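Tertiary structure, described
Listed here are the chains, written in short residue letters.
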Amino acid sequence: MQRDLAPDVLRGFALLGILVVNIQFMGLNSDQGARGEWTQGFANGSATFLIAALFAGKFYLLFSFLFGYSSNYVIQNNRSNRARWIKRCFVLIAFGALHFTFLWHGDIIFLYGLFGLLLTFFFLRADRTIVIWSRVVFSISAVFIVLFGLLTIIIEYLLKEDLGVTTESSLDVILQNGTFLESIPARIEVWLLSISSGIFLQGGLAFAAFLLGLRLARSNFLSSPINKAANSRLMIKGLFFGLPIQVVAAAVLLRNEQAAEPSESIYLVALFISFVSAPLLSMFYVGVIRKLVEEKPRLVLWLMPAGKMSLTIYISQSVVTSLIFGPWGLGLFQALQTWQVFLLAFAIWLILSYLAAQWLKKFNQGPLEKLVSSLTRNR
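Residues numbered from 1 in each chain as written. Predicted model: local features only at pLDDT ≥ 70, side-chain atom pairs only at ≥ 80, totals over all residues. Heavy atoms only, no water.

**Points about the overall build of the chain**
A tally of helices and strands in the chain yields 14 helices and zero strands. The globule rule puts the C-alpha radius of gyration for 379 residues at 21 Å, and the 20 Å found for the chain is close to it. In terms of its C-alpha atoms, the chain occupies a principal-axis envelope of roughly 60 × 45 × 40 Å. The proportion of buried residues among the 379 residues of the chain is 51%. Sequence-distant contacts, at least 24 apart, represent 84% of the contacts inside the chain between residues at least 6 apart. Accessible area of the chain: about 18,000 Å², with a carbon and sulfur share of 67%. (Helix = DSSP H or I, 4+ residues; strand = E, 2+ residues; numbered from the N terminus. Rg over C-alpha atoms; globule rule 2.2 N^0.38 Å. Buried < 20%, exposed > 50% of the residue type's maximum accessible area, 1.4 Å probe, protein only. Contact = heavy atoms within 4.5 Å. Areas by Shrake-Rupley, 256 points an atom, 1.4 Å probe, with all protein chains shown as cover.)

**Remarks on the environment of Ala-229**
With respect to the helices, strands and loops of the structure, Ala-229 is situated in helix H9 (residues 228-257). Sequence spacing of Ala-229 and Trp-302 is 73 residues, and the spatial spacing of their C-alpha atoms is 26 Å.

**Observations regarding helix H4 (residues 82-102)**
Note that an α-helix has 3.6 residues per turn; residues three or four places apart therefore point the same way. Taking 1.5 Å of rise per residue, the 21 residues of H4 would be expected to cover 30 Å, and the 30 Å separating its terminal C-alpha atoms lies within 8% of that figure. Listed in full, the buried residues belonging to H4 are Trp-85, Cys-89, Val-91, Leu-92, Ile-93, Phe-95, Gly-96, His-99, Phe-100 and Thr-101. Close packing links the buried residues of H4 with helix H3 (59-75), helix H5 (109-119), helix H8 (180-218), helix H12 (310-325) and helix H14 (367-376). (Expected span 1.5 Å × (residues − 1).)

**A look at helix H13 (residues 338-360)**
For H13, built from 23 residues, the straight-helix expectation of 33 Å at 1.5 Å per residue is met to within 8% by its first-to-last C-alpha distance of 33 Å. Of the residues making up H13, those classed as buried are Thr-338, Val-341, Phe-342, Ala-345, Ile-348, Trp-349, Leu-352, Ser-353, Ala-356 and Leu-360. Residues of H13 that are buried sit in contact with helix H1 (5-27), helix H2 (42-55), helix H11 (304-308) and H12.

**Some points on the pattern of salt bridges**
Per the stated rule, a full pass over the model turns up six salt bridges. Here Arg-35 ties to Glu-264 by a salt bridge, and the two come within 2.9 Å at their closest N and O atoms. With Arg-35 in the loop between H1 and H2 and Glu-264 in helix H10 (residues 264-295), the pair connects residues that are 229 residues apart, well separated along the chain. Residue Arg-35 shares its accessibility class with Glu-264, and that shared class is buried. One salt bridge connects Lys-291 with Glu-295, and the closest N-O pair in it is separated by 3.1 Å. Here Glu-295 and Lys-291 lie together in helix H10, a separation of four residues that amounts to about one turn. Glu-295 sits in the partly exposed class, given a relative accessible area of 38%. Each of Arg-35, Glu-257 and Glu-264 takes part in a single network of salt bridges with overlapping partners. (Salt bridge = Lys/Arg side-chain N within 4 Å of Asp/Glu carboxyl O.)

**Overview of the packing of H1 against H10**
Axis separation between H1 and H10 bottoms out at 10 Å; the angle between their running directions is 130°. Classified by the angle their axes make, H1 and H10 are oblique. Seen along the crossing, H1 lies across H10 with a hand that is right-handed. Between H1, through Leu-5, Ala-6, Val-9, Leu-10 and Phe-13, and H10, the contact on the second element is made entirely by Tyr-285, Val-286, Ile-289 and Val-293. (Axes fitted to C-alpha atoms, helices over the stretch in contact; angles between N-to-C directions. Parallel < 35°, antiparallel > 145°, perpendicular 65-115°, else oblique. Left-handed = near helix turned anticlockwise from the far one by under 90°.)

**Observations concerning unusual backbone geometry**
The omega torsion of the bond from Ser-224 to Pro-225 falls at -5°, within 30 degrees of zero and hence cis. Following the sequence through the fold, Pro-225 ends up in the loop between H8 and H9. The phi dihedral of Asn-220 falls on the positive side, at around 55°, and the residue is not glycine. As for its position among the elements, Asn-220 is in the loop between H8 and H9. The backbone of Gln-334 shows a phi angle near 60°, a positive value even though the residue is not glycine. Mapped onto the elements of the fold, Gln-334 is located in the loop between H12 and H13. Exposure remark for Gln-334: the relative accessible area of 27% places this residue in the partly exposed category.

**Quick look at the packing of aromatic side chains**
This structure, assessed with the given rule, holds 29 aromatic pairs. Where Phe-13 meets Tyr-285, the ring centres are 5.8 Å apart and the plane angle is 85°; that geometry is what we call edge-to-face. Here Phe-13, found in helix H1, pairs with Tyr-285, found in helix H10; they are 272 residues apart in sequence, far enough to count as distant. Just as Phe-13 is buried, Tyr-285 falls in that class too. Ring centres of Phe-55 and Phe-59 lie 5.5 Å apart, and the angle between their planes is 20°; on these two criteria the pair is classed as stacked. Phe-55 gets classed as buried once you look at its relative accessible area, which sits at 10%. Ring pairs connect the aromatic residues Phe-63, Phe-67, Trp-85, Tyr-112, Phe-115, Phe-122, Phe-123, Trp-133, Phe-207 and Phe-210, which therefore count as one cluster. (Phe/Tyr/Trp six-rings, centres within 6.5 Å; stacked < 30°, edge-to-face > 60°.)

In structure tokens, the structure reads:
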């Protein structure tokens, strides 16, 4: 079978967006990211605005969509393949636990493994059932997010209560002058504190993207040839409905963060609006990649190696940033500005993408992909 090009290209592209969002928590503030002082000035403000408008909330949805899409390659509508998928999910859970313990407290692999187990119940369901459930899960998540946003406004403005957001975690202190061993319990603590909010804000939307990917894989949505007219409509809807909402939400968020007395409720509402409407801009990104793969493949096929080695690249991003920002490496945590870590994310992604291309000239799979395949293949 010939491997589809678009999924790998999209996955390689998504790795950039994920790193751009994550690096602000890796290099500036492990709990809050680019907020407060890190948004001051034109350069920092511009970087914060671009991250919020174009990256935050959009690329993890792309990655989630592709996770669901790729699950169909494993299952192939065959009940006997579910055991392999379940083993794969447990391996991802183990990888994720190691990842958030030793490298990156914002790990998503662990949650993908958990939600992947839940996805098992939908593999042999009818298309209509999957579509209904994806809409229900997305709608319920969106409603809860909106209600929570309204609640924060009520608490802050009507009840005059301070939301009590902390600005520095114990991990921040260790990343400035601690040791690698000291960072482990602090990293786990931050992960445990953030996991509930992560599931609330992103879990339902991610699982809805899983279901959508599973459904569209059955119709070979990312395979050539594509329906160019339908793809153009997808791009238009995503751009002209999604981009204005993201721009407004990012502008409100930035203006609030640069104010003398930022409002936590305004920040959260702007963030929630951005996340709920993020699928629109994600649709646009998917449409653009599909169009380029179909019409101008030379512009984007260089992204394929990173996409084929997405697990290896994702973990490698954490290894590289740990060595850059940790005191056991270059010790640059909180030593760079927001705009600098923003550009650094592009540099890291480009270097790792190049190394992935060189690796695949000699090997068929990335090292971690080979390990997962070895642990989960049917024997």
